[in-house]
Amino acid sequence: MEFGAVLQTNPPASRTVYLAKLAEQYGFEYVWTFDSHLLWEEPYVIYSAILAETNRVIVGPMVTNPATRDWTVTASVFATLNEMYGNRTIIGIGRGDSAVRVTNGKPTTLAELRESIHVIRELANSRSVEYKGATLQFPWSKGSQTEVWVAAYGPLALKLTGEVGDGFILQLADLDIAEWMIKTVRDAAEKAGRDPMSVKFCVAAPMYIGDDWDHMRSQTRWFGGMVGNHVADIVAKYGTEGAVPKALTDYIKAREGYDYNSHGKAGNDHVDFVPDEIVDRFCVLGSAQDHIAKLEALKELGVDQFSGYLQHDNKEETLRVYGETVMPAIRERITAKS
């Protein structure tokens, strides 16, 4: 199992770079950031600084979208970063949430998402692609390699992920939901003629090392609100019965709107509808041993990467305990089983 840290690009940018460097020092393989250019600082600029001051970590957005960024520009950014720093980039992409909704926009269609994945991946991997009636290729790009991982929740988005994604990003750490979604993606990959094991799986959720459960929950309850935005869309389309697990739909019944200016912030004052049980199920909280136990369970389900959100008041200590205790324990147990 690999590990990533998910950062928010709040100013000063130097602190984002510092946390990325700290994550690498403690052994994390990935550094992801939010991508909402109005709510936080522009991440694509910060990636260059992170890559310049690190040696190993792979960086990218969790997640970008096809609506707020021109697809060819996105591809050019990552192909350029690869030329400058070696192939150390990854692209997480979805239909769009905070980046589009903060301007009263809407997520893109799945058809647009599918096409954007193809265009971005081909160009960012130094290949040619047909786009808007033209054959495009970066003449300056040679040997660039970037994977495109898809963030999804609903049945049709999961199907698309299995059909075209290099990886799947599941933004919650609930074991029952993860099992259902991984199976759904793998089934779709197999039906599309792909090797279902070729699709990599990343679970992303807040990680907090501590022993004060009330405090940890207060610092991470925002995550249930963020996930609730996507769940609300799914419920609006599919209802509360059918393919979507009830564990994912029941808790949003008390949801009343959402303020994107508080998106991803600890102490968010409009996520009281998220019960403690959901916080505990969606996040990875508690002692090092609590984290190890849950991560082992996720690994057993087929999760290849766990990436922890650090939008709370215990960033450095959580990174330290992961680097010194949690990640070594997981890696040792995986090695022992192999």
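Data block above holds the structure.
Here's what I pulled together on the structure shown here.

## Some points on unusual backbone geometry
Logical step 1: A cis amide bond, omega 0°, links Pro11 with the succeeding residue Pro12.
Logical step 2: With an omega of 0°, the peptide bond running from Met62 to Val63 counts as cis.
Logical step 3: With respect to the secondary-structure elements, Val63 resides in the loop between strand 3 (58-61) and helix 3 (71-85).
Logical step 4: We note that Ser126 has phi near 60°; this positive angle belongs to a residue other than glycine.
Logical step 5: Within the fold, Ser126 resides in the loop between helix 5 (110-124) and strand 5 (129-131).
Logical step 6: Non-glycine residue Lys132 carries a positive phi angle of around 55°.
Logical step 7: Its location among the elements puts Lys132 in the loop between strand 5 and strand 6 (134-136).
Logical step 8: Residue classification places Lys132 among the exposed positions, given a relative accessible area of 71%.

## Description of the packing of aromatic side chains
Logical step 1: Scanning all chains against the criterion turns up 16 aromatic pairs.
Logical step 2: Note on Trp222 and Phe223: the rings are 5.6 Å apart at their centroids and 85° apart in plane angle, and the pair reads as edge-to-face.
Logical step 3: You can call Trp222 buried: its relative accessible area is 1%.
Logical step 4: Taking the relative accessible area as the measure of exposure, Phe223 reaches 0% and is therefore buried.

## Some details on the pattern of salt bridges
Logical step 1: Scanning the entire structure with this criterion turns up 21 salt bridges.
Logical step 2: Two residues, Lys21 and Glu53, come together in a salt bridge whose shortest N-O distance is 3.1 Å. Of this pair, Lys21 sits in helix 1 (residues 13-25) while Glu53 sits in the loop between helix 2 (43-52) and strand 3, and the two are 32 residues apart along the sequence.
Logical step 3: Across the pair Glu296 and Arg333 runs a salt bridge, and its minimum N-O distance is 3.1 Å.

## Topic: the environment of Phe273
Logical step 1: Its location among the elements puts Phe273 in the loop between helix 10 (246-249) and helix 11 (276-282).
Logical step 2: Residue Phe273 is classed as buried on the basis of its relative accessible area of 13%.

## Section: the side chain of Glu24
Logical step 1: Positionally, Glu24 belongs in helix 1.
Logical step 2: This buried residue, Glu24, is left without a salt bridge; Arg88 holds the nearest opposite charge, at 4.3 Å.
Logical step 3: With sequence-adjacent residues up to four places away left out, Glu24 is seen in contact with Thr54, Asn55, Arg56, Val57 and Arg88.

## A word on the pairing of strand 2 (residues 30-33)
Logical step 1: Neither face of strand 2 is left uncovered, since the one carrying Tyr30 and Trp32 and the one carrying Val31 and Thr33 both have all their residues buried.
Logical step 2: Of the strand pairs in this sheet, strand 1 (residues 2-7) and strand 2 are connected by four bridges, and their pairing is parallel. Bridge pairing in strand 2 places Gly4 opposite Tyr30.
Logical step 3: Handedness of the crossover joining strand 1 and strand 2 through helix 1: right-handed.
Logical step 4: As paired elements, strand 2 and strand 3 share four bridges and run parallel to each other. Its bridge partner being in strand 3, Tyr30 is matched across the sheet by Ile58.
Logical step 5: The β-α-β motif built from strand 2, the intervening helix 2 and the parallel element strand 3 has right-handed crossover chirality.

Calculation notes
- Residues numbered from 1 in each chain as written.
- Predicted model: local features only at pLDDT ≥ 70, side-chain atom pairs only at ≥ 80, totals over all residues.
- Heavy atoms only, no water.
- Helix = DSSP H or I, 4+ residues; strand = E, 2+ residues; numbered from the N terminus.
- Buried < 20%, exposed > 50% of the residue type's maximum accessible area, 1.4 Å probe, protein only.
- Phe/Tyr/Trp six-rings, centres within 6.5 Å; stacked < 30°, edge-to-face > 60°.
- Salt bridge = Lys/Arg side-chain N within 4 Å of Asp/Glu carboxyl O.
- Lys, Arg positive; Asp, Glu negative; His and termini not counted.
- Contact = heavy atoms within 4.5 Å.
- Pairing = 2+ DSSP bridges.
- Right-handed = clockwise from strand over helix to strand, strands pointing away.

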